[in-house]
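Coordinate inspection notes
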Amino acid sequence: MPRDVFRLPESSMAVRSMQTRVYTASDDTAVMSASAAALQDMGYAIDEVEHALGVISASKRADATNQMQAFGSLTLDSMKCAFSFFLACDGKNYGEIDDVQDIRLTLISMPQQGDDVAVRITIQKMIYDKRGRLSAQATVTDPDVYDAMFAKLSKAVFLEVEGI
Amino acid sequence: MTKKIAMILTCVTLSACASQNAAITESGSQVHTRHMQTRVYDTLDRQDTLRSVLATLQDLGFVIDTADYEMATITATKLQEYRIRMTVTVRDRDDSRLAVRANAQFNDQAIEDPHAYQDFFTVLDKAMFLTMHKVD
């Protein structure tokens, strides 16, 4: 086991900032409702809600295929098949390309001082290949993903708080 | 001969079952395990304590699997090249303190290294301070 699994990396403040937005709302229920609606808009199923703690966990399965990766693997398999005089046509490389991904996230809304509610999202993904084997798992750290998610969330919170 | 082979196979199967079943209840020293997995805080605010646990888990890259305020239990998973699953519970220790207990698995193995739990509680200590004092 790596020694640092429960230690905060130096980048933790930057990561926290990337994963957090603060909204002005009189109560966190409105923020949670808007968040759940935004997640539904994005096709997520809600797995867990605990209102008293501001927790929403959600997940969805999505396509993970990459055209370039698929083309490369098919080419390799075809060459292997031809050069082995059709004795090694197992499609192994194509079977190892990414197929689907399970995305799971947690959204926590936390009341701050005054009328502010902070929302923090953490996202993970598990990628499976064509044979159904887990090929990769990771925490999502791409700022663009969080920006895009908060753009939708901000709109939903605005509509909810303004009662539109 | 066939009888002998059948007996050997039965023994092998039974011992495999027995060793698999042992995992259901196995544990180290209960007192030692509880001690390293528990930290006591001078507060009775269960909600703020649970919110601090959530903030700590998010800081460490976990996604929350389940969270229950009434039962004061949170389970979360961290995915990197490895998988860590952790459960944290909050209970009254006495009339002025709460006890936070965490236990975790690294891939398929229970984490028994006290330093790992010390690291976790070091991060939780900071989150508790920030939550109790409402610092951003």
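Residues numbered from 1 in each chain as written. Chains lettered and ligands numbered in written order. Predicted model: local features only at pLDDT ≥ 70, side-chain atom pairs only at ≥ 80, totals over all residues.

Some words on the overall build of chain A
Threshold: For the purposes of this entry, the term helix denotes a DSSP run of H or I that reaches at least four residues, the term strand denotes a run of E that reaches at least two, and both are numbered from the N terminus. Once C-beta atoms are placed from the backbone, each residue is buried if 20 or more other C-beta atoms lie within 10 Å of its own, exposed if 12 or fewer, and partly exposed for counts between those two.
Helix and strand content of chain A: 5 helices and 6 strands. Counting from the amino terminus, helix and strand elements in chain A follow one another as α-β-α-β-β-α-α-β-β-β-α. Sorting the 164 residues of chain A into buried and exposed places 24% on the buried side.

Things to note about helix α5 (residues 143-161) of chain A
Quick reminder of the rule: In this scheme, a helix's expected span is set at 1.5 Å multiplied by one less than its residue total.
When the terminal C-alpha atoms of α5(A) are compared, their 26 Å separation across 19 residues agrees well with the 27 Å that a helix rising 1.5 Å per residue should span. Count one or two residues on from α5(A) and you reach A:G163, which has phi positive near 70°.

Concerning the nonpolar core
Convention followed: Only buried Ala, Val, Leu, Ile, Met, Phe, Trp, Tyr and Cys residues enter a nonpolar core, and they are joined through C-beta atoms within 7 Å. Contact between residues is assigned whenever the C-beta positions, reconstructed from backbone atoms, fall within 7 Å.
Counting residues in each nonpolar core, the largest one holds 55 residues, and the members touching the most others are A:V31, B:V53, B:L54, B:L57, B:I64, B:I74 and B:V100. Here the element with the most residues in this core is helix α4 (residues 114-132) of chain B; it accounts for 6 residues. Beyond its immediate sequence surroundings of up to four residues, B:V53 is in contact with B:I74, B:V88, B:V100 and B:L124.

Section: the packing of helix α3 (residues 46-59) of chain B against α4(B)
Residue and element names in this part refer to chain B. Keep this limit in mind: Inter-axis angles, ranging from 0 to 180 degrees, are taken between N-to-C directions of lines fitted to C-alpha atoms, where helices are fitted over the stretch in contact. The scheme is simple: roughly parallel for angles under 35 degrees, roughly antiparallel for over 145, roughly perpendicular for 65 to 115, oblique for anything else. Left-handed is the label given to a crossing in which the near helix is rotated counterclockwise from the far helix by less than a right angle, and right-handed is the label when the rotation is clockwise. Under the scheme applied here, ten amino acids are nonpolar (Ala, Val, Leu, Ile, Met, Phe, Trp, Tyr, Cys and Pro), four are charged (Asp, Glu, Lys and Arg), and all others, including Gly, are polar.
The contact between α3 and α4 brings their axes to 8 Å, and the two run at 130°. Here α3 is positioned oblique relative to α4, judged by the angle of their axes. Relative to α4, the crossing made by α3 is right-handed. Residue-level inspection shows D48, T49, R51, S52, V53, A55, T56 and D59 of α3 in contact with α4, the latter providing V123, L124, A127, M128, T131 and M132. The residue makeup of the contact of α3 with α4, split by class, is 7 nonpolar, 4 polar and 3 charged.

Section: the interface of chain A and chain B
In this assembly, 27 residues from chain A lie in contact with 26 residues from chain B. Those elements giving two or more residues to the side of chain A that touches chain B turn out to be α1 (12-18), β2 (45-50), β3 (55-63), β4 (98-111), β5 (116-129) and β6 (134-139) of chain A. Element by element, the count of residues in the side of chain A that touches chain B is highest for β4(A), at 5 residues. Each residue belonging to the side of chain A that touches chain B can be placed in one class, and the counts come to 12 nonpolar, 9 polar and 6 charged.

Details of the pairing of strand β3 (residues 73-79) of chain B
Residues and elements named next belong to chain B. Heads up, the rule is: Two strands pair under a simple rule: DSSP has to find at least two bridges between them.
Pairing between strand β2 (residues 63-68) and β3: 5 bridges, direction antiparallel. Residue pairing across strands places T66 opposite T75, the latter belonging to β3. The loop that links β2 with its antiparallel partner β3 comprises 4 residues; one of these, A72, has a positive phi angle of about 50°. The pairing of β3 with strand β4 (residues 83-92) spans 7 bridges and is classified as antiparallel. The residue of β4 that forms the bridge with T75 is T87. Between β3 and the antiparallel strand that follows it, β4, lie 3 residues.

So, the pairing of β4(A)
Residues and elements named next belong to chain A. As paired elements, β3 and β4 share 9 bridges and run antiparallel to each other. Note on β4: the bridge partner recorded for K60 is I103. Pairing analysis gives 13 bridges linking β4 to β5, with the strands arranged antiparallel. Directly across from I103, in β5, lies its bridge partner K125. Joining the antiparallel neighbours β4 and β5 is a turn of 4 residues, in which G114 adopts a positive phi near 75°.

What to know about unusual backbone geometry
Residues and elements named next belong to chain B. The backbone of A72 shows a phi angle near 50°, a positive value even though the residue is not glycine. Here A72 shows up in the loop between β2 and β3. At N107, a residue that is not glycine, the phi angle is positive and equals roughly 50°. Topologically, N107 is positioned in the loop between β5 (98-106) and β6 (109-110).

Some points on the confidence of the model for chain B
Residue and element names in this part refer to chain B. Formally: pLDDT is a per-residue confidence score from the predictor, ranging from 0 to 100.
Predicted confidence across chain B gives a mean pLDDT of 87, with 83% of residues reaching 70 or more. For chain B, per-element mean pLDDT is lowest for helix α1 (residues 2-25), which scores 66, and highest for β2, which scores 97. Here the prediction assigns the complex a pTM of 0.82, and the interface score ipTM is 0.80.

A closer look at the packing of helix α2 (residues 28-41) of chain A against α5(A)
Residue and element names in this part refer to chain A. In contact at an axis separation of 8 Å, α2 and α5 are set at 130° when each is read in the N-to-C sense. Classified by the interaxial angle, the pair formed by α2 and α5 is oblique. By crossing handedness, the relation of α2 to α5 is classed as right-handed. Contacts from A30, V31, S33, A34, S35, A37, A38 and D41 in α2 reach K152, L153, A156, V157, E160 and V161 in α5.

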